[in-house]
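Report on the structure
Listed below are the residues making up each chain.
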Amino acid sequence: MGLFFAPSKLIVKSVLVLQFAAFSVLAQPLSQSAVAMPDSFSADAAKSILEQGGNAVDAAITAQFVLAVTLPEAGNIGGGGFMLIQKDGKGDFIDYRETAPTAAHRDMYLDEQGNVIANKSIYGIHASGVPGSVAGMWLAHKKHGTLKWEELVQPAVTLAEQGFVVPPKLAKGVSNYIAHLKEQKINVNFEKYFADVKANKVFKQPELAATLKRIRDNGQDGFYKGETANIIAKFMHQHGGIINQDDLKGYTAKSRTPIKASWNGYEVLTSPPPSSGGIAILQWLKMYELQKPDAGLAHNSTQYVHLLSEIGKRVFADRAEYLGDPDFFDVPVNALTNINYLKERSNGISLTAISTTENIKPGLKESEQTTHFSIVDKMGNAVANTTTINLGFGSGVVVEGAGFILNDEMDDFSAKPGVMNVFGAIGGKANEIQPHKRMLSSMTPTILLKDNTVKMVTGSPGGTTIISSVYESILNAVEFDMTAEQVVNSPRFHHQLWPKNIIRTHIGLTDSVKAELTKMGYTIDENHFGDLHVIINKEGQLDAASEASGRGKSIVF
Ligand code: GLY
């Protein structure tokens, strides 16, 4: 059982209390800071900001802009994300998710027969929502920053202008993507901008540097108004896209109240809608507590994987029906995380047999490529930030003259009820396309607290598998007492109702567990998830890790 958590066997079917993060008890200062980052450039830049006296939010803003330069597959100014903050004893959630443009409409990805047009929401000029990242960083800075905005953006300007030495994994990712675009005959301008990305060579991005300078000098107006907005709108117009200047001027990042719930003697501070992840991880963790045998289950054993897969089916049936942008759709957060509902919802689960997929309906009686980083500062403040342009390299479209990649986040909407998106997720009314609406997300930045002290900061990329990576990272730490390194590098798995009886696994379960699951009737799909970046506070000592499969770097200092 986890060292920093109460032994879970002593917790008798603990009660889920959903509340809002309103109280304020100052966090305990620490003797260390830590960053767990998806690449070395962002890790070094965030560390430097903390050493200059900036707080975790300042470091996060710098990291976000640096990643827009050095991690083009996911870091961005052309996408969006969620920043979960625990600062001075209080929680905050900066929602900078993209929105559908004014001219978007429910059936925009359907042909005349009402069928979904392949790839239209994934590649090219029609795939993008209105970017939210710059507005998100601006809002986070206004509310929580301490260093000057210009100082926070400058490291990214320098890396774009002077260039950076390309890590071999990035060069390989770029060349694979260019080959993929050619093979699929996808006509976007990605190669024109990224053909010079070569391993261990310096790569400069002058157009992006000029855009970042306008952001550095004019704040969010340097993106949503003036020259950058003109360039984006003109580029869109020339290529038949629908994002216009009013869409850009009208974009607003929002500060929302994080979900906060008691679990196993801890407070789980997590992401509210339009993230589906916060509700999903609470459903998953609570149903696991309710259904696991008293003797517990061995980590990643057949029964453990099966039980969590059965729970996943129910979580994803609810996700498809009830979850969407809370500004457009009334999401029943309390009902979905209510302990009595979850008892009833998990009652029929057998520990030995697979339930019939078609019989798992939404339960209420009456709904890849992303990147994540975690930061803890010496004041005991924490940031969990997940940001995305959706698939690796987004829509494949670079805004000419502004030098940044646009997202393909429109695919996270439900293009047609019951039809799977690129992650195999289905949805209906709650997540249908409407102008200005935010598409449902699986991004789940999460912080565990005890006595209002940060105990764990976690998050991951990976589309719908994000949710599994996050709740499994929590179970790995709480239930199985793993170090940060073990948490991020342990095999993970994911089941999301559809496709039927498929368990996806990342890093890989053991051969015997895979054979037993196959015998039960599951099909095992070995597939990449995303790289976890975790910080654990073990009795005042920080432990940080970035998953070895990525090119991440974590530092405790
Ligand atoms: N684009 C992945 C997500 O937000 O879920």
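Parameters and conventions
- Residue numbers here run from 1 along each chain, matching the order of that chain's written sequence.
- Owing to the predicted nature of the model, reporting of local features is limited to residues with pLDDT of at least 70; listing and counting of side-chain atom pairs is limited to 80 or more, with chain, interface and lining totals taken over all residues.
- Side-chain numbers come from the whole structure's heavy atoms, not from hydrogens or water.
- UniProt positions are given in the numbering used here, feature names are shortened, and annotations may be inferred rather than shown by experiment.
- At least two bridges found by DSSP between two strands is the condition for calling them paired.
- Here a strand is any run of E in DSSP of at least two residues, a helix any run of H or I of at least four, and the numbering for each starts at the N terminus.
- Accessibility here uses a 1.4 Å probe with only protein chains present; expressed as a share of the type maximum, an area under 20% marks a residue as buried, one over 50% as exposed, and anything in between as partly exposed.
- Axes here refer to lines fitted to C-alpha atoms; in helices the fit is confined to the stretch in contact. Angles between the N-to-C directions go from 0 to 180 degrees.
- Only heavy atoms enter the contact rule, under which two residues are in contact if any of them lie within 4.5 Å.
- Whether a set of points on the 1 Å grid over the protein atoms alone is a cavity depends on a 1.4 Å probe fitting there but being unable to get out, while an open set qualifies as a pocket with protein on both sides within 12 Å along at least five of seven lines; lining residues are those with an atom within 4 Å of a point.
- Grid points are joined across faces, edges and corners, and a volume is the space filled by probe spheres set on the points.
- Note on residue classes: Ala, Val, Leu, Ile, Met, Phe, Trp, Tyr, Cys and Pro are nonpolar, Asp, Glu, Lys and Arg are charged, and everything else, Gly too, is polar.

- In the nomenclature of an unreviewed UniProt entry, the protein corresponds to Glutathione hydrolase proenzyme from the organism Pseudoalteromonas distincta.
- What UniProt states about the protein under its Subunit (unreviewed entry) heading is, verbatim, "This enzyme consists of two polypeptide chains, which are synthesized in precursor form from a single polypeptide."
- According to UniProt, the comment filed for the protein under the heading Sequence similarities (unreviewed entry) is "Belongs to the gamma-glutamyltransferase family."

Topic: the pairing of strand β18 (residues 541-546)
- Relative to β18, strand β17 (residues 533-538) runs antiparallel, the two sharing 6 bridges. Its bridge partner being in β18, Ile535 is matched across the sheet by Ala544.
- The antiparallel pairing of β17 with β18 creates a hairpin that spans 2 residues between the two strands, and Glu539 there sits at a positive phi of about 50 degrees.

A few points about the pairing of strand β11 (residues 382-388)
- By the criterion of burial, β11 is predominantly enclosed, with 7 of the 7 residues buried.
- Going residue by residue along β11, you find Ala382, Ala384, Thr386 and Thr388 tucked away on one face and Val383, Asn385 and Thr387 tucked away on the opposite face as well.
- Summarising the sheet, strand β3 (residues 80-87) and β11 pair through 7 bridges and their orientation is antiparallel. Across the sheet, the residue bridging to Phe82 is Thr386, located in β11.
- Of the pairings in the sheet, the one linking strand β10 (residues 370-376) to β11 comprises 7 bridges and is antiparallel in character. When the bridges of β11 are listed, Ile375 appears paired with Val383.

Observations regarding the sheet that holds strand β2 (residues 34-37)
- With antiparallel pairing, the 7 strands of this open sheet are ordered in space as β7-β4-β3-β11-β10-β2-β19. Edge strands, defined here as strands with exactly one partner in the open sheet, are β7 (254-256) and β19 (553-556). Taken pair by pair, the neighbouring strands of this sheet meet at an average axis angle of 10 degrees, ignoring direction.
- Bridge analysis of β2 against β19 gives 4 bridges, and the strand direction is antiparallel. Each residue of the ladder has a partner; that of Ala34, found in β19, is Val556.
- Across the sheet, helix α3 (residues 133-144) lies against β3, β4 (90-95), β7 and β11, angled at about 155 degrees from β4, the strand it touches most.

Remarks on the environment of Ala544
- Looking at the element boundaries, Ala544 is found in strand β18.
- Given a relative accessible area of 10%, Ala544 falls into the buried group.
- Remark: the alpha-carbon pair of Ala544 and Ser554, spanning 10 residues in sequence, is separated by 5.9 Å.
- Contacts of Ala544, omitting those with residues within four sequence positions, involve Ala34, Val35, Ala484, Val534, Ile535, Ser554 and Val556.

Points about the sheet that holds strand β14 (residues 492-494)
- Strand order in the open sheet formed by 3 strands is β14-β15-β16, and the pairing between neighbours is mixed. The outermost strands of the open sheet, each flanked by one partner alone, are β14 and β16 (523-526). Adjacent strand axes in the sheet meet at a mean angle of 30 degrees when their direction is disregarded.

Focus: the layout of surface pockets
- Roughly 270 Å³ of internal volume is contained in the second largest pocket.
- What lines the second largest pocket is a set of 17 residues, and nearest its centre among them are Ala317, Ala320, Glu321, Pro362 and Ile426.
- The class makeup of the residues in the lining of the second largest pocket is 9 nonpolar, 4 polar and 4 charged.

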